[in-house]
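Structural overview
If you want the building blocks of each chain, they are given just below.
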Amino acid sequence: MADMNNQDRENRTALDGNDEDQDFGLDDDSGAVIATVGRQIKLWREAAGLRAAELGTAIGYSENLVFKVEGGRRIPKPEFLDRTDDAVGAGGKIAAMKQDVAEARYPRKVRDLAKLEAEAVEIGSYANGVIDGLLQTEEYARALYRERRPAYSEEDIERLVTARMARQVVFDRRPAPLLTFVQEESTLRRRTGGRMVLRRQLEHLLELSQLRHVEIQVMPMEAEEHAGLGGSHEVIKLKDGKTVGHNEVQLISGLITNPREVQILEMRYNLIRAQALTPRLSREFIEKLLGET
């Protein structure tokens, strides 16, 4: 029994996702990619004259896990693909699928948003419920997903957290895009994940605010004028001169491309920035909150 438990733990470290990829999980195109990879692995295994159990033994995983990967019900990590490539003598053809699998690991809405952010010259975001995803620490993001209902499994949470952290490469892009954020004061006070998680989150905000291409502002609760009462939103200006919006509420997440609607979002965001504390005063405000936390 102990050996079986150890094998199960090892199997989990080789994979992402679960058998029932619902809600945020394998959407149409992701599922097609993973299914194709699984079929290719099966074809190479059979061509090498190996049974699933033999391949599992050769690469250090169970027969059951090999079947799930081949059936497109599990997402293999890079080391699984590398070991399989060596075991069946694919000459790098299976290992070459790692990039496709890496992209398919994430929910489509995350991939679509990340692609837009990669093409952005300017991103402006107003968040009134939680800390903006691009600003979140890993601990804070994990705490948020633990609060979701219906509850996610630990594997689901790790997949979502990894996807969220992957978007943050936008801070390291060169040339750097202009990144501006407006956070409601309430999001900076709510102890999501506990006191220490919030402290580290506030410290992270202060660190990011020191970057020359990043401006973080706070909308104080005492503000009498507020153009953002309609909810959180994001405005993304692209290299080709186009501007799109992004909105996410409860079970709905989507891009806004209608020029008139994008214009309204952009107008509201500009007003929100004007009504919020300046970046300098916002840093001082966050420092004060950190001292109180």
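Here, residues in each chain are numbered from 1, in the same order as that chain's written sequence. With the structure being a predicted model, the display of local features is reserved for residues of pLDDT at least 70 and the display and counting of side-chain atom pairs for 80 or more, all residues being used for whole-chain, interface and lining totals. For the side-chain quantities, the full set of heavy atoms in the structure was used; hydrogens and water were omitted.

1. Here we look at the pattern of salt bridges
- A carboxyl oxygen of Asp or Glu within 4 Å of a side-chain nitrogen of Lys or Arg is what we treat as a salt bridge. Here the structure, examined in full by the defined rule, presents 16 salt bridges.
- Measuring nitrogen to oxygen at the nearest pair gives 3.8 Å for the salt bridge that ties glutamate 203 to arginine 199. Of the two residues, glutamate 203 and arginine 199 both sit in helix H11 (residues 195–209), 4 residues apart, roughly one turn of that helix.
- The salt bridge involving glutamate 292 is made with lysine 288; its shortest N-O contact spans 2.6 Å. With glutamate 292 and lysine 288 both in helix H13 (residues 279–292) and 4 residues apart, the pair spans about one turn of that helix.
- Between buried and exposed lies partly exposed: a residue is buried under 20% and exposed over 50% of the maximum accessible area for its type, with that area taken using a 1.4 Å probe on protein chains only. For lysine 288, a relative accessible area of 51% translates into the label exposed. Secondary structure elements follow DSSP: runs of H or I of four or more residues count as helices, runs of E of two or more count as strands, with numbering from the N terminus.

2. Some thoughts on the environment of valine 249
- The residue valine 249 is located in strand S7 (residues 243–249) in this model.
- It is 8.3 Å that separates the C-alpha atoms of valine 249 and glycine 231, two residues lying 18 residues apart in sequence.

3. Brief notes about the pairing of strand S5 (residues 214–219)
- With 5 of 6 residues buried, S5 is to be regarded as a mostly interior element.
- Two strands make a pair as long as DSSP finds a minimum of two bridges between them. Strand direction decides the pairing type here: strand S4 (residues 178–184) and S5, joined by 6 bridges, are parallel. Bridge assignment links glutamine 183 to a residue of S5, and that residue is valine 218.

4. Examining helix H9 (residues 154–167)
- For H9, which comprises 14 residues, the first-to-last C-alpha distance of 20 Å matches the rise-based estimate of 20 Å (1.5 Å per residue) to within 8%.
- Those residues of H9 that sit buried are Asp156, Ile157, Arg159, Leu160, Val161, Ala163, Arg164, Met165 and Arg167. Any helix carries an expected span of 1.5 Å times its number of residues minus one.

5. Quick word on the packing of helix H3 (residues 52–59) against helix H4 (residues 63–70)
- Every axis corresponds to a line fitted to the C-alpha atoms, with the helix fit spanning only the stretch in contact, and the corresponding angles, defined between N-to-C directions, vary from 0 to 180 degrees. Following both chains from N to C, one finds H3 and H4 inclined at 105 degrees, their axes separated by 8 Å at the closest point. Between H3 and H4, the angle falls in the class roughly perpendicular. Taken together, the residues of H4 that come into contact with H3 (itself represented by Ala52, Ala53, Leu55 and Gly56) are Glu63, Val66, Phe67 and Glu70. By definition in this entry, angles of less than 35 degrees are roughly parallel, angles greater than 145 are roughly antiparallel, angles of 65 to 115 are roughly perpendicular, and the rest are oblique. Note on contacts: a residue pair is in contact if any heavy atoms of the two residues lie within 4.5 Å.

6. Notes on the packing of helix H8 (residues 138–146) against H9
- Relative to each other, H8 and H9 sit at 135 degrees, their axes nearing to 9 Å. Judged on the interaxial angle alone, H9 and H8 are oblique. The way H8 lies across H9 gives a crossing that is right-handed. In contact with Glu138, Ala141, Arg142, Leu144, Tyr145 and Arg146 of H8, H9 contributes Glu154, Ile157, Glu158, Leu160, Val161, Arg164 and Met165. Each crossing gets its hand from how the near helix is turned against the far one by less than a right angle, where anticlockwise is left-handed and clockwise is right-handed.

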